[in-house]
Structures are given as C-alpha cells and as structure tokens.
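# Structure assessment
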Amino acid sequence: MPELPEVETYRRFLEEITLHQTVTAVEVFDAHVLAVDADELRRELVGATVTGTHRLGKNCFLQLSSGRLLVLHFGMTGDVGAYRHDYDRPRFTRVALHLREGLRVAFIDPRKFGRIRLADSVATFQQAKKLGPDALDLTAKQLQSALGRRKTLLKPLLLDQRLTAGLGNWIVDEVLFQARVHPERPAASVSADEAARLHAAVQLVLRTAIAQEANYRQFPASFLIHAREWDEAPEPQSDAHHHCPRDRSPIVKKYVGGRATYYCPVCQPAPPDSHSAA
Ligand SMILES: [Zn+2]
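What you see is a predicted model, and the numbers here were worked out from it, not measured in a lab.

Take the environment of Cys267 next. The topology assignment puts Cys267 in the segment after strand 10 (259-263). For Cys267, a relative accessible area of 9% corresponds to the buried category. With 20 residues separating them in the primary sequence, Cys267 and Asp247 have C-alpha atoms 8.1 Å apart. In contact with Cys267, other than residues within four places in its own chain, are Phe177, Arg180, Cys244, Arg246 and Asp247.

For the zinc ion, every protein donor is listed as Cys244 (SG), Asp247 (OD), Cys264 (SG) and Cys267 (SG), and the spread of their distances is 2.1 to 2.3 Å. For the zinc ion, the 4 donor atoms in the first shell make angles of 90 to 116° at the metal, a pattern classed as tetrahedral. Motif for the zinc ion, donor spacing along one chain: C-x2-D-x16-C-x2-C. Of the two residues, Cys244 sits in the loop between helix 7 (192-211) and strand 9 (252-256) while Cys264 sits in the segment after strand 10, which places them 20 residues apart along the sequence. Accessibility expressed as a relative area gives 0% for Cys244, which makes it buried. The exposure class assigned to Cys264 is buried, which follows from its relative accessible area of 0%.

Cut-offs used in this document
- Residues numbered from 1 in each chain as written.
- Predicted model: local features only at pLDDT ≥ 70, side-chain atom pairs only at ≥ 80, totals over all residues.
- Heavy atoms only, no water.
- Helix = DSSP H or I, 4+ residues; strand = E, 2+ residues; numbered from the N terminus.
- Buried < 20%, exposed > 50% of the residue type's maximum accessible area, 1.4 Å probe, protein only.
- Contact = heavy atoms within 4.5 Å.
- Donors = N, O, S within 2.8 Å, 3.2 Å for Na, K, Ca; no water.
- Tetrahedral: all angles 85-135°; square planar, octahedral: opposite > 155°, others 65-115°.

Laid out in structure tokens, this is it:
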C-alpha cells in the first residue's frame, strides 16, 4: 500500500515532469477512480498549467493555474508513470494527462481503490477530510499535547489521521520500536522524554524511507521492518529476520486495535497493568 514515503516519491516524480507544463487532454480509461465528474475534470485541467505540487499525508496535489488543485490518493495499489505513445501506456492506467511537450502522465491503479478529485485549497481539503498536520510537519509539542489528553492506546492513536496525517501501520510499528515504547501504552502515560523520542523517531523513519525512495529492503539493519512478514510475495526467510536487531529477542506479532503489530518485548516493555505479557 502506498504510504507517505511512496506518495512523497510520487510527488517528486510528478513535480519533475509536470511543473510549468500545460495539460492538453485528459483520457479516462476507467471512471471508477474519479471522485469528480469526468467533464468537470476536463474543463478544469485542459489548458491549465501545473504551478506546483504538495503532499499532505498520503494525498498528492497538483496546483493548477486555475487556482484549484488536482488531488491524487493512491488507495491500495496506486502508482504514477509517464509515457509518450499509446503502445507504451502502462498496464492498469486509469487516467492519463497529456502534456503539451508530448509526455503523458499515467495514474495507474490495478485494484482501483485510488481516487482523483479536485479541491479549492489544501486547507479546505484538510478540513473536509479532518486530517491533522502532515506527519513530517508534526512538532514535538503538538505530539506531546495530543498524547497527554488521551486514554487510548498509543498505536491506534498514532494511526488516527486526525492527530497527524500519513502514519500507516508499519511506520507506526517502526516509530514505536525506534523510540522503544510499547504499542499498547495508554497515550496519557507517555512521558515528555518518551514523546520527544517518538517525535524524533517519526522524523527518522519517514526521512529514511523517503531517502531510500521507499525501497524497504534497503533500510538500515537497525530497523524493525526487516522482521515483518511481507504481505506481497512472501519468501522464505531465515529465523534471523524475526529477531530484534538490537538484542536478538524474538519479535512478537499481535493484533492491536485490529492491526497486525510487531514489537520487541525487551526493548519495548509492556505497561505494568496490561495483559500483553502473554
Ligand atoms: Zn529488542
């Protein structure tokens, strides 16, 4: 699933190929991914120039010279591509934007959970979707005050897009591991020092993932992600991959708030009154 690091990689790609380019045509191959009327989309895009790009959480924006924005959400399997000729069009291209200089931008999405829409501004979109600040912009102070008020468990809270936009399942596990905090700690029990560690870990994990263009297998050996079972094309792994990179303890997998969660029981001690020791 495209998480924040993938979407930032897509944004950089789109910035590179679309900035200052004028859209000359819009081809819709499958309207399923449109959350806007196809004719309205054409009216807005054809003749417009891309004047900038933005990202908020897992949403990517193309700023249009008309003043409005094209919003791309990549769902489960969304991706972007570029091509010049029909015969090179990537498989599963659902929508293509033709640019004046000849390149075409493909919105690719095999499973069609992605969505394309229009917005008047990033702020109005953020408000309508009830999204918190982007995870890379979240300050230590904002994080600490958000945690301090809540009795909910830490992991589901960090996944709540109203607190901060763009933290997905594996990212939160990695953040908690890097900060050495148990996923089932009540949020309000997190100390100021732990909140500062969580904030630093959000920055570390996201910046590492973006720097590697979301090629997870290239992450540092100190990352928990190597101990996860990969959803796609599972390959036989030696047991070594399922041990903590710090202390070699077996990594625990359990469901927290309905989400598969991986943590080290040694580095991330359980809260005293939880049943999670079992
Ligand atoms: Zn450990």
